[in-house]
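# Notes for the structure review
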Amino acid sequence: MVLRFYMQISSEEIIFLIGLTSIIFLIAPCFLILYVLSYNRRKKKHLEEKVWLKTTFENELLKTQMEVQEQTLKTVANDLHDNIGQLLSLITITLSTIDLEENSKIASKIILTDDLTRRSINELKALSRLLHGEELISKGLAAAIEFELEWLKRSERYQISFKKDSFKSVADSAKETMVFRLFQECINNIIQHAKASKIVIILEQDNSSFKLTISDNGIGFNVDEKLNLKMGMGLYNIKRRAAMINGTATITSIPGSGSVIAITVPSN
Amino acid sequence: MIFITFNTVSELACFLAGLIFLFKDKDPAWRLLIWYLLLTCIVEVAGIYIRTSLHVSNIPLYNLSVLPECFVTSYFFYSLYKTYHPKTKWLIIWLSIFMIMYFTELVLNHFNNFVSITASVMSVVFVLASLYYYYLKLKDEHFERLLFYAPFWWVSGTLFFYFGSTACNLFFDYLIKYPSISYEFSVRYIIFCILDVILYSFWSYAFICRYLQRKSYS
């Protein structure tokens, strides 16, 4: 076949054909090299983006940890002022009213002082536990939420319900810290703005993800309007931080009918 | 003067570049290239001498030179793949197939003709090896500045040479049979001059990159 092919066309044509084929065979590697080089440049860009994302995540995590500590310190300060400060003032007042000549009242006042002192000690112990904020998260997300809610229950302003039946644990401590901070912020929002009387927290988990739902029966708000206010630790930041741990934050609220914030995060 | 051609000059320049930049290289695969280029220069000069002074065919010499060409290039590709998956068995299988083909063709040609089929198969295998190296590089998550990455330019030169010579290899029998188009400045000669210049330029650049890389690490 090849021989017949040769015989049908002239040698000049064969030369031309060989030359042309060789030129094409030289051009092809040029494009291939250009493609490999340009792909390599894209790979570099992609790697830079990955590094940037990692750094941003680490910064955000650090910020979150600091915010958790800050929140703890605020609670401590409030408690020192509202609780322990009051108890110690009462002790001082009680002690100052003791009249050594009124023997009949001395005993009851000492018993009262003793009671106040014990309550102060218990309060201080509780505060000491709270101060170990990081230790709190190390015990697990559910335990940290429970502890935080215990504190909130003492105010007796809210009817609080916490369900965590299907929740076991999350392997990634960074995710736990982030979600715990989101929980704190949602609770802060409820305390400051919602005017609610009832708070329901549900922590659920399945094979691939876990979900934290915080709902209240407060005054509610316009979600779109609040999301556009990209300032502070608002709703926008809750969504952004949830996205950083590959999760989603769904916010639903109707003015006058309370609000529901659901944070879903993949377990791995 | 007859010894000064595009081929001999480009080969000699590349050999000198190899000698200067690879002499102290720690990798034996790279150092082996110096010896290979020296051999190439000797073969090229000897080929011209045999053809022009002794007036006999230099085909046996070029048949013989195919052996180191295949072994050195294959070993070099093997050393490049080593970082990804060191599979010695593929190198051994390929070299065994090559040897069988080479000697079979030599015997069938009665040692008179060039082993063009073996050379064509070898070219195709080296083209595939080069493309496979690109594939590994694209898949590799580790970033490398390819513009200054010696193995990349060595492979690119090899790809240019073997891919570009495919047409000549395919029509080798025809080009040899017709003396009217196989004179000194035949299309085959011109193409191989261009390919040689490209190959040895790329390789020389690769040697420089290799030298700079070694210097930056030390």
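About the thresholds
Residue numbers run consecutively from 1 along every chain, following the written order of its sequence. In the order they appear in the text, chains get letters beginning with A and ligands get numbers beginning with 1. For this predicted model, a pLDDT threshold of at least 70 governs which residues receive local features, and a threshold of 80 or more governs which side-chain atom pairs are given and counted, while totals over whole chains, interfaces and linings are taken from all residues. Side-chain measures were taken over the full set of non-hydrogen atoms in the model, leaving aside hydrogen atoms and water. Only DSSP runs of H or I with at least four residues qualify as helices, and only runs of E with at least two residues qualify as strands; both kinds are numbered from the N terminus onward. Given the number of residues in a helix, its expected span is that number minus one, multiplied by 1.5 Å. We call a residue buried when its accessible area falls under 20% of the maximum for its residue type, exposed when it is over 50%, and partly exposed in between, using a 1.4 Å probe and counting protein chains only. N or O atoms within 3.5 Å of each other form a polar contact, as long as, within protein, one can give a hydrogen and the other can take it, and as long as residues adjacent in sequence are counted only when both atoms are side-chain atoms. Contact criterion: two residues are considered in contact whenever any of their non-hydrogen atoms come within 4.5 Å of each other. Each of two parts loses accessible area, computed with a 1.4 Å probe, when they are put together; buried area is these two losses added. Think of it as three bins: nonpolar holds Ala, Val, Leu, Ile, Met, Phe, Trp, Tyr, Cys and Pro, charged holds Asp, Glu, Lys and Arg, and polar takes everything else, Gly as well. Confidence scores labelled pLDDT are given residue by residue by the predictor and lie between 0 and 100. A patch consists of residues whose relative accessible area exceeds 30% and which take part in no salt bridge; residues with like charges are grouped when within 9 Å of each other, and nonpolar side chains (Val, Leu, Ile, Met, Phe, Trp, Tyr) when within 5 Å. Note that accessible areas follow from Shrake-Rupley with a 1.4 Å probe, and for residues the cover is restricted to the protein chains shown. Salt-bridge detection follows one rule: a side-chain nitrogen of Lys or Arg within 4 Å of a carboxyl oxygen of Asp or Glu. A strand pair is defined by DSSP finding two or more bridges across the two strands. Here the bounds of each domain stem from an automatic or database domain assignment. What counts as an axis is a line fitted to C-alpha atoms, over the stretch in contact for a helix, and the angles between N-to-C directions run from 0 to 180 degrees. Angle categories: roughly parallel below 35 degrees, roughly antiparallel above 145, roughly perpendicular from 65 to 115, and oblique for all the rest. Each crossing gets its handedness from the near helix: less than a right angle anticlockwise from the far helix is left-handed, clockwise is right-handed.

## Some points on helix α5 (residues 141-153) of chain A
For α5 of chain A, with 13 residues, the first-to-last C-alpha span of 18 Å sits near the 18 Å given by 1.5 Å per residue. The set of residues buried in α5 of chain A consists of Leu 141, Ala 142, Ala 144, Ile 145, Phe 147, Glu 148, Leu 149, Trp 151 and Leu 152 of chain A.

## Observations concerning the side chain of Thr 113 of chain A
All names here are of chain A. In this fold, Thr 113 is placed in helix α3 (residues 103-131). Among the polar contacts made by the side chain of Thr 113, one reaches the main-chain carbonyl oxygen of Lys 109 at a distance of 2.7 Å. Once residues lying within four places of it in the same chain are set aside, the contact partners of Thr 113 are Ile 91, Thr 94 and Leu 95.

## Structural notes on the interface of chain A and chain B
One frequent convention defines the size of an interface as the accessible area lost when the parts assemble. With 25 residues of chain A at the contact, the number on the chain B side is 33 residues. Summed over both sides, the interface between chain A and chain B buries roughly 2600 Å², with carbon and sulfur atoms accounting for 82% of that surface. In this structure, the connection of chain A to chain B is made through 3 residue pairs in polar contact (both at pLDDT 80 or more). The greatest single-element share of the side of chain A that touches chain B, amounting to 24 residues, is contributed by helix α2 (residues 11-96) of chain A. Among the residues forming the side of chain A that touches chain B, the class breakdown is 17 nonpolar, 5 polar and 3 charged.

## Focus: the confidence of the model for chain A
For chain A, mean pLDDT is 83; residues scoring 70 or higher make up 92% of the total. Across residues 1-6 of chain A the pLDDT falls below 50, and counting only partners more than four positions away or on other chains, this stretch makes 6 contacts in the model.

## Some words on a nonpolar patch on the surface
All names here are of chain B. Nonpolar side chains collect at one region of the surface, where Ile 2, Phe 3, Val 45, Tyr 49, Leu 54 and Val 56 lie side by side and expose about 500 Å² of accessible area between them. For Phe 3, the location among the structural elements is in the segment before α1 (6-22). Owing to a relative accessible area of 30%, Phe 3 belongs among the partly exposed residues under this scheme.

## A closer look at the pattern of salt bridges
All names here are of chain A. For the structure on display, the rule yields 11 salt bridges over all chains. Its salt-bridge partner being Glu 67, residue Arg 241 comes within 2.8 Å of it at the nearest N-O pair. Taken together, the positions of Arg 241 in helix α8 (residues 235-244) and Glu 67 in helix α2 put the pair 174 residues apart, joining distant regions of the chain. Neither Arg 241 nor Glu 67 differs from the other in exposure class; each is buried.

## Digging into the pairing of strand β5 (residues 259-266) of chain A
Residue and element names in this part refer to chain A. Sheet analysis places strand β3 (residues 209-216) next to β5, joined by 8 bridges and oriented antiparallel. Paired with Phe 210 across the two strands is Val 265, which belongs to β5. Here strand β4 (residues 248-253) runs beside β5; their pairing, made up of 6 bridges, is antiparallel. Its bridge partner lying in β5, Thr 250 is registered against Ala 262. Counted between consecutive antiparallel strands, the loop separating β4 from β5 contains 5 residues, among which Gly 256 sits at a positive phi close to 95°.

## A short note on the domain arrangement of chain A
All names here are of chain A. Looking at chain A, the domain boundaries give domain 1 (12-131) and domain 2 (141-268). Taking only C-alpha atoms into account, the centre of domain 1 sits 16 Å from that of domain 2. Opposite the 18 residues of domain 1 that make contact, domain 2 presents 16 residues. Across the domain 1 to domain 2 interface the summed buried area is about 1600 Å²; carbon plus sulfur atoms make up 61%. Broken down residue by residue, the surface that domain 1 buries against domain 2 is led by Phe 57, Glu 60 and Gln 71, which jointly contribute 33%.

## Things to note about the environment of Ile 91 of chain A
As for its placement among the helices and strands, Ile 91 of chain A is situated in helix α2. With 50 residues separating them in the primary sequence, Ile 91 of chain A and Leu 141 of chain A have C-alpha atoms 38 Å apart.

## What about the sheet that holds β5 of chain A?
All names here are of chain A. Taken together, the 5 strands give an open sheet; going across it, the order is β1-β2-β3-β5-β4, and neighbouring strands pair in mixed fashion. At either end of the open sheet lies a strand with only one pairing partner, and these are β1 (159-163) and β4. Ignoring which end each strand starts from, the neighbouring axes of this sheet average 10° apart. The strands touched by α5 within the sheet are β1, β2 (198-205) and β3, with β1 carrying the most contacts at an inclination of about 170°. Where helix α6 (residues 173-194) meets the sheet, its contacts fall on β2, β3 and β5, and the angle it forms with β3 comes to roughly 10°.

## Describing the packing of α6 of chain A against α8 of chain A
Residues and elements named next belong to chain A. The interhelical angle for the contact between α6 and α8, taken along N-to-C directions, is 165°, at an axis separation of 10 Å. Viewed along their axes, α6 and α8 adopt a mutual orientation that is roughly antiparallel. Along this stretch, α6 crosses α8, giving a crossing that reads as left-handed. Between α6, through Met 178, Arg 181, Leu 182, Cys 186 and Asn 189, and α8, the contact on the second element is made entirely by Leu 235, Ile 238, Arg 241, Ala 242 and Met 244. Along the lines of polarity and charge, the residues of the contact of α6 with α8 split into 7 nonpolar, 1 polar and 2 charged.

## Structural notes on unusual backbone geometry
Residues and elements named next belong to chain A. Positive phi values are uncommon outside glycine, yet Lys 195 reaches one of about 55°. For Lys 195, the position within the fold is in the loop between α6 and β2. Overall, Lys 195 belongs to the exposed group, its relative accessible area being 69%. Positive phi, close to 60°, is recorded for Asn 246, a residue that is not glycine. On the secondary structure map, Asn 246 appears in the loop between α8 and β4. Residue class for Asn 246 comes out exposed when judged on its relative accessible area of 59%.

## Things to note about the packing of α1 of chain B against helix α9 (residues 187-217) of chain B
All names here are of chain B. For the pair α1 and α9, the least separation of the axes is 9 Å and the interaxial angle reads 10°. Here α1 is positioned roughly parallel relative to α9, judged by the angle of their axes. In terms of residue class, the contact of α1 with α9 is made up of 14 nonpolar, 4 polar and 4 charged.

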